[in-house]
Amino acid sequence: MASKAIIGLIFTLVFSLSSSADVVNSNASHPSSYAVVKGDQRVLYPHIRTSDEEVAIAMIPFEAIAPYLNSPKVVSKDELNNAPYIVDFAGEHLMAGEGVSIYVRTILKPDYLAYTTYRPGKTYIDPETDEILGYEAKYIADNVIMNLGDPATLRITNADSEVRRGDRLMPTSEEEVVFDYFPKPPTKFIQGSIISVLNGVQEIGTYDIIVLSKGARDGLKVADILTIMQKGKLIPDPFFKIKNELVKLPDQKAGTAMVFRVFERVSYALVMYANKNIRVLDLVQTPEE
């Protein structure tokens with residue numbers, strides 16, 4: 001989308017983090033983030049600030065999180081189902097791409113000129129309770145309004161994939177993009193699970209984007225640092241008096257992650273460091289002191 005393209009051209013993100021520490025020591029008086037405002041040219045490179053450490057510094061390209069700062073979204077089922085939708089395309093297109101006009105129903109009195117096309121994605125479920133935490137709205141394209149009406153006419157200005165009839169539109173996000181992160185542990189103990197990974201890999205590693213089963217309602221904030229715990233295997237014990245009784249092996253520290261985008265009940269986090277294979281359903285928690 002337009003904001004993604006602009007962000008991707010601006011900066012390279014530099015993160016400083018110990019590759020072996022689970023807790024990032026930082027000045028408690030610092031705010032958790034700094035939002036760039038119009039006319040502020042002080043910040044030339046987005047980065048994480050930490051106290052001096054006699055360890056290696058991890059360099060992470062800004063492109064690792066840039067595509068996920070505004071889209072995709074996590075929404076409620078009704079929010080997506082009740083959003084305006086594409087009913088047809090101009091011309092003889094079966095699917096549409098950049099430059100094509102689309103006809104959209106139920107944009108009657110728009111407060112915005114820019115709209116983003118989304119498509120239903122994954123359903124996020126808490127692995128502990130089986131409760132639905134939210135629905136992924138996958139980013140498809142950016143659009144601008146050309147003519148109002150029912151249907152309204154919009155033009156696709158940028159597309160990540162082919163646009164289809166029935167795709168949903170929401171006003172383009174105007175969230176402030178945070179460039180300056182001050183990592184810190186959460187203010188209270190939090191334990192959750194990795195419920196998805198946004199780039200589709202099976203084994204998660206450094207710089208991958210993970211979806212967590214905890215969000216703002218649980219006390220997570222942008223720049224919170226969490227320890228990733230590799231979930232211990234469940235194995236049969238052939239030597240116990242109850243033959244092949246199942247035994248759970250201990251969880252093991254597998255890396256660290258930093259939360260960079262928070263929704264009500266889930267969060268996006270960047271894997272800052274990994275020393276073991278990480279998988280969906282592994283745990284995340286507040287670092288131990």
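Data block above holds the structure.
What counts, and where the lines are drawn
Residues numbered from 1 in each chain as written. Predicted model: local features only at pLDDT ≥ 70, side-chain atom pairs only at ≥ 80, totals over all residues. Heavy atoms only, no water. Helix = DSSP H or I, 4+ residues; strand = E, 2+ residues; numbered from the N terminus. Buried < 20%, exposed > 50% of the residue type's maximum accessible area, 1.4 Å probe, protein only. Contact = heavy atoms within 4.5 Å. Areas by Shrake-Rupley, 256 points an atom, 1.4 Å probe, with all protein chains shown as cover. Pairing = 2+ DSSP bridges. Axes fitted to C-alpha atoms, helices over the stretch in contact; angles between N-to-C directions. Salt bridge = Lys/Arg side-chain N within 4 Å of Asp/Glu carboxyl O.

**Student:** Teacher, can you tell me more about the overall build of the protein here?
**Tutor:** Helices and strands together make up the secondary structure of the protein, namely two helices and 18 strands. Counting over 289 residues, the protein shows a buried share of 44%. Long-range contacts, defined here as pairs at least 24 residues apart, represent 73% of the contacts in the protein between residues at least 6 apart. Taken as a whole, the protein presents about 15100 Å² of accessible surface, with 53% of it coming from carbon and sulfur.

**Student:** Can you help me understand the sheet that holds strand E17 (residues 267-274) in this one?
**Tutor:** Strand pairing in a sheet relies on backbone hydrogen bonds. The paired strands run either parallel or antiparallel. Here we have six strands rolled up into a closed barrel, ordered E11-E12-E17-E16-E13-E18, and antiparallel in their pairing. Averaged over all adjacent pairs, the angle separating strand axes in this sheet is 45 degrees, with direction ignored. In this structure, strand E16 (residues 252-262) lies alongside E17, joined through seven bridges in antiparallel fashion. From the neighbouring strand, Ala-257 faces E17, where its bridge partner is Val-271.

**Student:** Honestly, the pattern of salt bridges in this entry has me stumped. Any pointers?
**Tutor:** Under the defined criterion, the tally for this structure stands at seven salt bridges. Here Arg-165 makes a salt bridge to Asp-88, at a shortest N to O gap of 2.9 Å. With Arg-165 in the loop between strand E8 (152-159) and strand E9 (168-171) and Asp-88 in strand E4 (residues 85-89), this pair connects stretches of sequence that are 77 residues apart. In this structure, Lys-184 and Asp-224 form a salt bridge, with 2.6 Å as the shortest nitrogen-oxygen distance. Here the residue Lys-184 occupies a position in the loop between strand E10 (178-181) and strand E11 (191-197), and Asp-224 occupies one in the loop between strand E12 (209-212) and strand E13 (225-230), the gap between them amounting to 40 residues.

**Student:** Looking at this structure, how should I read the pairing of strand E6 (residues 114-125)?
**Tutor:** On a regular strand, one side chain projects to one face of the sheet and the next to the other, so that they alternate. As judged from the 10 bridges shared by E6 and strand E7 (residues 132-147), these two strands associate in the antiparallel manner. Bridge pairing in E7 links Pro-120 to Ala-137. The antiparallel hairpin formed by E6 and E7 contains six residues in its connecting segment, where Asp-130 sits at a positive phi of about 65 degrees. As paired elements, E6 and E9 share four bridges and run antiparallel to each other.

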